[in-house]
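# Secondary and tertiary structure notes
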There are 2 protein chains.
Amino acid sequence: MPPSRQTRDPATPLREAILQEARTLLESEGYAALSTRRIASAVGCTATSIYLHFKSKDSLIYALIDEGFDELNRRVLEVSQGEGTALDLLRDVALAYVDFGLERPEYYEIMFMLRAEQMERYPVDAYRRARRSLEVFAELTALPAEEAARRGAIVWSTLHGLVSLLIAQRIDISLDRSALIEDSIHSACLGAFAALPSGANRT
Amino acid sequence: MPPSRQTRDPATPLREAILQEARTLLESEGYAALSTRRIASAVGCTATSIYLHFKSKDSLIYALIDEGFDELNRRVLEVSQGEGTALDLLRDVALAYVDFGLERPEYYEIMFMLRAEQMERYPVDAYRRARRSLEVFAELTALPAEEAARRGAIVWSTLHGLVSLLIAQRIDISLDRSALIEDSIHSACLGAFAALPSGANRT
DNA sequence: GCCTTACAGTTTACGCTGTCAACCTGGAAT
DNA sequence: ATTCCAGGTTGACAGCGTAAACTGTAAGGC
C-alpha cells in the first residue's frame, strides 16, 4: 500500500456542516439541546446520516470537546510563556483557565462536567494531548514529579470547583464575583506554593 | 376551613415503596439508571402511578436530594459542634464534607453535580434549609458577613472541586489519594484564614 | 338498598431520544 | 453495458417523561 497516510477525519462537506451545526447548537442552547435529529434537520439531512461520519453521538461530542481543549490549551500555553515569577505565571494561567470556563461555559460543561463513566471511552492519546494545559499547573510549581502532580491537582480542583459552581449558578449571586475569583485564584496559588502537611512526613 | 394543617407528604404505602426503590436504584446503579419505568416495574405498579404521588420525576429526585442534604447536614453540624480552634473545627468540617461526597457519591452527584438550570425549580424554602451545612464554612471564619460569605464560598468551591473530580474519576489515579485530600483541605483552610488580596483594598 | 362521588390505579398514547438494518441511487470502473 | 460502491434515505426498535382517558372500588347520603 502507498505510504500516503490519510487523515482519519475525511472532512467531507456534510461532516463539516454537521460539526458546524453542532457547534452552533451547543453555543446557543447548550449541551442538553444537542440531539441528532435537531442537528440533522438544521443541516438538511437525516439523523442516521450523522452515523456515516461519526461513530456515535458521543464521538461527535468528542470532536467538540477536542475543539474546546484546543482553545483552552492555546490560551493557557500562551499565557504560561509570559514573563514573571512562577507565582505570577501561575496566577495568570489560573485566570486564563477561569476566563475560559466563564466565557465558554457550554464547552467547559462538556469538557469537565459530563459524567464520563457512561460515555464511551475517550481515545487515550487524544485524552493525553487534550489535557496538556492541566499539566502546566504542576510544571509551574517546579517541584519533584510526585509532589508537583499533587500540587497541580490541588490547583486544578480549586479552580474547577469555582468555575463549575459559577457556571451552575450555585454560588450566591450577591457575592462580588470578581473579588471571589481573585481570592480563589490567590488561594489556589497558596495551594501550589505554601507549606502543606503531606510534604513534611513523606519521602 | 379547619385549622388542621395536613402534611404535604401523605406517606402512603405506594409512595414509600417508590421512594425506597428510587433510593435502591440510585445507590446501586446511579442517577442515570433512575427511570420512572424501572422504578415502577421494580415496585409493581405502572410508570404513571408515580405521578399520583410525585408531581414529576424531578420532584421525586428532589425528595432524594433532601435526604442527601439531611445526612450531609447531620454529619457537618455534628462535627462543627466539637471542641478546638476555629481552624481545627474547619478542618474537621471540611473532612466531613469530603467524606460524605466520597462515601455517598450518587447522592453527591444529584445534590451538586446536576445541571440545575434545566430541572424544575427546587422549592425555595427547602433550598435554604437544605444548604444549612454550607453556611458553616462561612460561620467558622468568624469574619464580617460579606467577607465571611466570600471565604465560605472559597472553602466550599475548593472542596467541591476536589470531590467532584474524584467522583468523576478525572484525577490521575496514581496520585496518593489521602495525601491529596489532606493537602486540599489544608489549602481550603488557607483560603478561609490566610490574607487574601480582595480584603485589603475594599471596605 | 341504591346512587353518587372520590380516589387509586391502569391503559393508551404522544413526542422525544440514540441507533441499527435494509434499502435506494447516482456515478465511476471494468 | 454491467457491476460495484460510497453516501444517502426509510423505517423500525427500545427506551424515555408524561398527559388524557378509562376502570374498579370503597365511602357517604338518601
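Residues numbered from 1 in each chain as written. Chains lettered and ligands numbered in written order. Predicted model: local features only at pLDDT ≥ 70, side-chain atom pairs only at ≥ 80, totals over all residues. Heavy atoms only, no water.

On to the protein's contact with DNA strand D. In the vicinity of DNA strand D, 17 residues are found, and the nearest of them are Ser-49 of chain A together with Thr-36, Arg-37, Thr-48 and Tyr-51 of chain B. Near the protein, meaning within 4 Å, the atoms of DNA strand D are sugar or phosphate in a fraction of 57%, with bases accounting for the rest. Note that a phosphate oxygen of DNA strand D is positioned 2.7 Å from one of the side-chain N or O atoms of Ser-35 of chain B. Looking at the surface near DNA strand D, the elements that each hand over two or more residues are α3 (50–53) of chain A together with α2 (36–43) of chain B. Grouping the constituent residues of the surface near DNA strand D by class yields six nonpolar, eight polar and three charged. (Near = heavy atom within 4 Å. Polar contact = N/O pair within 3.5 Å; in protein donor to acceptor, adjacent residues only side chain to side chain. Helix = DSSP H or I, 4+ residues; strand = E, 2+ residues; numbered from the N terminus. Nonpolar A, V, L, I, M, F, W, Y, C, P; charged D, E, K, R; others polar.)

What follows covers helix α1 (residues 13–29) of chain B. All names here are of chain B. Between the first and last C-alpha of α1 there are 24 Å, a value that for 17 residues agrees with the 24 Å anticipated at 1.5 Å per step. Every buried residue belonging to α1 is among Arg-15, Ile-18, Leu-19, Glu-21, Ala-22, Arg-23, Leu-25 and Leu-26, and all of these are buried. The N-terminus of α1 is capped by Thr-12, whose side-chain oxygen sits 3.2 Å from the backbone nitrogen of Arg-15. Just downstream of α1, Gly-30 is the residue with a positive phi angle, here 85°. (Expected span 1.5 Å × (residues − 1). Buried < 20%, exposed > 50% of the residue type's maximum accessible area, 1.4 Å probe, protein only.)

A complete count under the given rule lists zero disulfides over all chains for this structure. Here Cys-189 of chain A is not cross-linked by a disulfide; its sulfur's nearest cysteine counterpart is in Cys-189 of chain B, at 18 Å. Take Cys-189 of chain A: its relative accessible area is 4%, and that puts it in the buried class. (Disulfide = S-S within 2.5 Å.)

What follows concerns the domain arrangement of chain A. Residue and element names in this part refer to chain A. For chain A, the assigned domains read domain 1 (11–54) and domain 2 (56–196). Its C-alpha centre places domain 1 at a distance of 28 Å from the equivalent point of domain 2. Note on domain 1 versus domain 2: buried area summed over both sides is about 1300 Å², and carbon and sulfur give 71% of it. Contact with domain 2 buries area across many residues of domain 1, yet Leu-26, Tyr-31 and Phe-54 alone supply 44% of it, more than any other trio. At the junction of domain 1 and domain 2, the tally comes to two salt bridges. The shortest N-O distance in the salt bridge between Glu-67 and Arg-23 comes to 2.4 Å. (Domains from an automatic or database assignment. Buried area = accessible area lost by both parts, 1.4 Å probe. Salt bridge = Lys/Arg side-chain N within 4 Å of Asp/Glu carboxyl O.)

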